[in-house]
Amino acid sequence: MKTKAVRMYGKNDLRLEEFELPALGENEILARIISDSICMSTYKAALQGSDHKRVPNDIAENPVIVGHEFCGEIIEVGAKWQHKYHAGDRFAVQPAINYKGSLAAPGYSYPYIGGSAQYIIIPNEVMEMDCLLPYTGEAFFYGSVAEPMSCIIGGYHASYHTKNGVYHHDMGIVEGGCLALLACAGPMGLGAIDYALHCDRRPSLVVVTDIDAARLKRAAEILPPEEAAKEGIKLVYVNTNDYENPVEYMMGLTDGRGYNDVFVYAPVKPVVEMGDRLLARDGCLNFFAGPTNPEFRAEFNFYNVHYASTHLVGTSGGNTADMLECIDMVVAGKIDPAAMITHIGGLNAVAETTCNLPKIPGGKKLIYTGKDMPLTAIADFAELGKTDPFYAELDKIVKANNGLWCVEAEKYVLANAKDI
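Since this is a predicted model, take the numbers as computed values, not measurements.

Considering the overall build of the chain
Here's step 1: Along the chain, the regular secondary structure elements total 14 helices and 19 strands.
Here's step 2: For the chain, the C-alpha radius of gyration of 22 Å lies close to 22 Å, the compact-globule estimate for 420 residues.
Here's step 3: Reported as C-alpha extents along the three principal axes, the dimensions of the chain are approximately 65 × 55 × 40 Å.
Here's step 4: A total of 420 residues make up the chain; the buried ones form 55% of that total.
Here's step 5: Within the chain, residue pairs in contact and separated by at least 24 positions form 73% of the contacts whose partners lie at least 6 positions apart.
Here's step 6: A total accessible area of about 18,300 Å² is found for the chain, and carbon and sulfur atoms account for 51% of it.
Here's step 7: Side chains of the chain give 36 positive and 53 negative charges; the mean places of these two sets differ by 1 Å.

This is the structure in structure tokens:
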């Protein structure tokens, strides 16, 4: 079977090509990809090429398919796995398979599996490690954003707390506690707010900060304080530029007690140090943001570490359980990661988008791998729709859904966009 896919040959050398897949092995699965979202980690892999820990040394001769946030449906199952998987099943993949201690992962290391493709062959190790995950949602794009959302969920699970004299970590945020989400009104931040409001360890107070008034306004429209109040949570959006002493104001929201859990969503020194100052006794600061500077540093109050048991954690990615939790919550309608998505495109847009990802504003870039579409911001649909009926209809659909990507928009693209 022929497939079209974007493959990496070297540093910043991504090529959209058509090639023949090998015959399916008895321990493999043939699948069709419907959607893939582009991750900053893929940009880093493209930037580094074989210098990246997950990318093989011989990609110039044996290129790998990029993309690891994908969702699709099974076409054919080899004999070994026919008891568990079936043609027509929808799936998502946890790319961190950790097979026999290897860093090899779909989207980084394999010639025939990656998200930026029409058809793929899923190798045996993905199934062996239970990383081929069943997905029963109506919209494929939710399966694609399950992986980035699982990173958010993993951060919440990694936070921990202690009791005096007890050498045991209680994992997770404090239920009924005070939670601060700093620099958190961007697309990933919206996922963090959504999860805080609907997870099984809900805080009583959630304070979200940013310095972008437009982003804060949009966050409040998507996740309004009035809806949070129905869950028994006080949700407050704070533009820290509006206060001479934002720490003093935010501490006042807790009656001076401080925050049990603080998440930092931007690798900015003053934001990290603000988070430190906001911590309550036994407060946990979770540094979620991934800096590009390996020498990034910020000051931390070690007097409080010693006498107030404040502490710091960080995570990079989620695990399979986090991804399954996300899928379950999405299917049940408890969370809506659609707020992460700001751009839509086809397979033809992957190479250029990936290599220029830091220069493109907004959140997740969602790719429909069977389609030929330029990368387009959802915010630009209205203007494009003045001359193009395709975008006019998409604009109408998303505006009816509070400006968010949705199942109806996906169905329209799959039915009407040009095939690749």
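After presenting the structure, the write-up continues.
Some remarks on the packing of helix 13 (residues 389–399) against helix 14 (residues 407–416)
Here's step 1: Contact pair helix 13 / helix 14: the axes reach a minimum separation of 9 Å and the direction vectors enclose 160°. The orientation of helix 13 with respect to helix 14, classified from their angle, is roughly antiparallel. Between helix 13 and helix 14 the crossing geometry is right-handed. Seen from helix 13, the contacting residues are P389, F390, E393, L394, I397 and V398; seen from helix 14, they are E408, A409, Y412, V413 and N416.

Overview of the sheet that holds strand 2 (residues 13–20)
Backbone hydrogen bonds hold the strands of a sheet together, and the pairing may be parallel or antiparallel.
Here's step 1: What the three strands build is an open sheet, ordered 2-1-4; its pairing is antiparallel. Unpaired on one side and paired on the other, strand 2 and strand 4 (64–65) mark the two borders of the sheet.
Here's step 2: As paired strands, strand 1 (residues 2–10) and strand 2 are joined by eight bridges and run antiparallel to one another. Residue pairing for strand 2: G10 is matched across the bridge by D13.

So, the side chain of H68
Here's step 1: Mapped onto the elements of the fold, H68 is located in the loop between strand 4 and strand 5 (70–77).
Here's step 2: At a separation of 3.5 Å, a polar atom in the side chain of H68 contacts the side chain of T42.
Here's step 3: Look past the residues within four positions of H68 in its chain and what remains in contact with it is D36, C39, S41, T42, V93, P95, P106, G107, Y108, G115 and E147.

Considerations on the sheet that holds strand 11 (residues 178–182)
Here's step 1: Spatial strand order, 13-12-11-14-15-16: six strands in an open sheet with parallel pairing. Each edge of the open sheet is held by one strand with a lone partner, namely strand 13 (234–239) and strand 16 (311–314). Across the sheet, the axes of successive neighbouring strands diverge by a mean angle of 20°, strand direction being ignored.
Here's step 2: Running at roughly 165° to strand 13, helix 5 (residues 213–222) makes contact with strand 12 (205–210) and strand 13 of the sheet.

Looking at the pairing of strand 11
Here's step 1: In terms of burial, strand 11 is largely enclosed, as five of its five residues are buried.
Here's step 2: Burial along strand 11 is two-sided: C178, A180 and L182 and L179 and L181, pointing in opposite directions, are all buried.
Here's step 3: Regarding the hand of the β-α-β motif, the stretch spanning strand 11, helix 4 (residues 187–198) and strand 12 is right-handed.
Here's step 4: With four bridges joining them, strand 11 and strand 14 (residues 259–264) adopt parallel strand pairing. Bridging from a neighbouring strand, A180 pairs with V262 of strand 14.

Description of the packing of aromatic side chains
Here's step 1: In the structure shown here, the tally under the stated rule is 15 aromatic pairs.
Here's step 2: Between F300 and F302, the aromatic rings sit 6.0 Å apart at their centres with planes inclined by 70°, giving edge-to-face as the arrangement.
Here's step 3: Between Y303 and Y307 the ring centres are 4.8 Å apart and the planes differ by 45°, which places this aromatic pair in the tilted class. Here Y303 and its partner Y307 are both found in helix 9 (residues 302–307), four residues apart, which amounts to about one turn of the helix.
Here's step 4: The exposure class assigned to Y307 is exposed, which follows from its relative accessible area of 53%.
Here's step 5: Three or more aromatic residues joined by ring pairs make a cluster, and in this case those are Y368, F381, F390, Y391, W405 and Y412.
Here's step 6: The ring of F19 has R7 lying over it, and the distance from NZ or CZ to the ring centre is 3.8 Å.

Conventions used here
Residues numbered from 1 in each chain as written. Predicted model: local features only at pLDDT ≥ 70, side-chain atom pairs only at ≥ 80, totals over all residues. Heavy atoms only, no water. Helix = DSSP H or I, 4+ residues; strand = E, 2+ residues; numbered from the N terminus. Rg over C-alpha atoms; globule rule 2.2 N^0.38 Å. Buried < 20%, exposed > 50% of the residue type's maximum accessible area, 1.4 Å probe, protein only. Contact = heavy atoms within 4.5 Å. Areas by Shrake-Rupley, 256 points an atom, 1.4 Å probe, with all protein chains shown as cover. Lys, Arg positive; Asp, Glu negative; His and termini not counted. Charge placed at Lys NZ, Arg CZ, Asp CG, Glu CD. Axes fitted to C-alpha atoms, helices over the stretch in contact; angles between N-to-C directions. Parallel < 35°, antiparallel > 145°, perpendicular 65-115°, else oblique. Left-handed = near helix turned anticlockwise from the far one by under 90°. Pairing = 2+ DSSP bridges. Polar contact = N/O pair within 3.5 Å; in protein donor to acceptor, adjacent residues only side chain to side chain. Right-handed = clockwise from strand over helix to strand, strands pointing away. Phe/Tyr/Trp six-rings, centres within 6.5 Å; stacked < 30°, edge-to-face > 60°. Lys NZ or Arg CZ within 6 Å of the ring centre and 35° of its normal.

In short, shape yes, function no, at least from these values alone.
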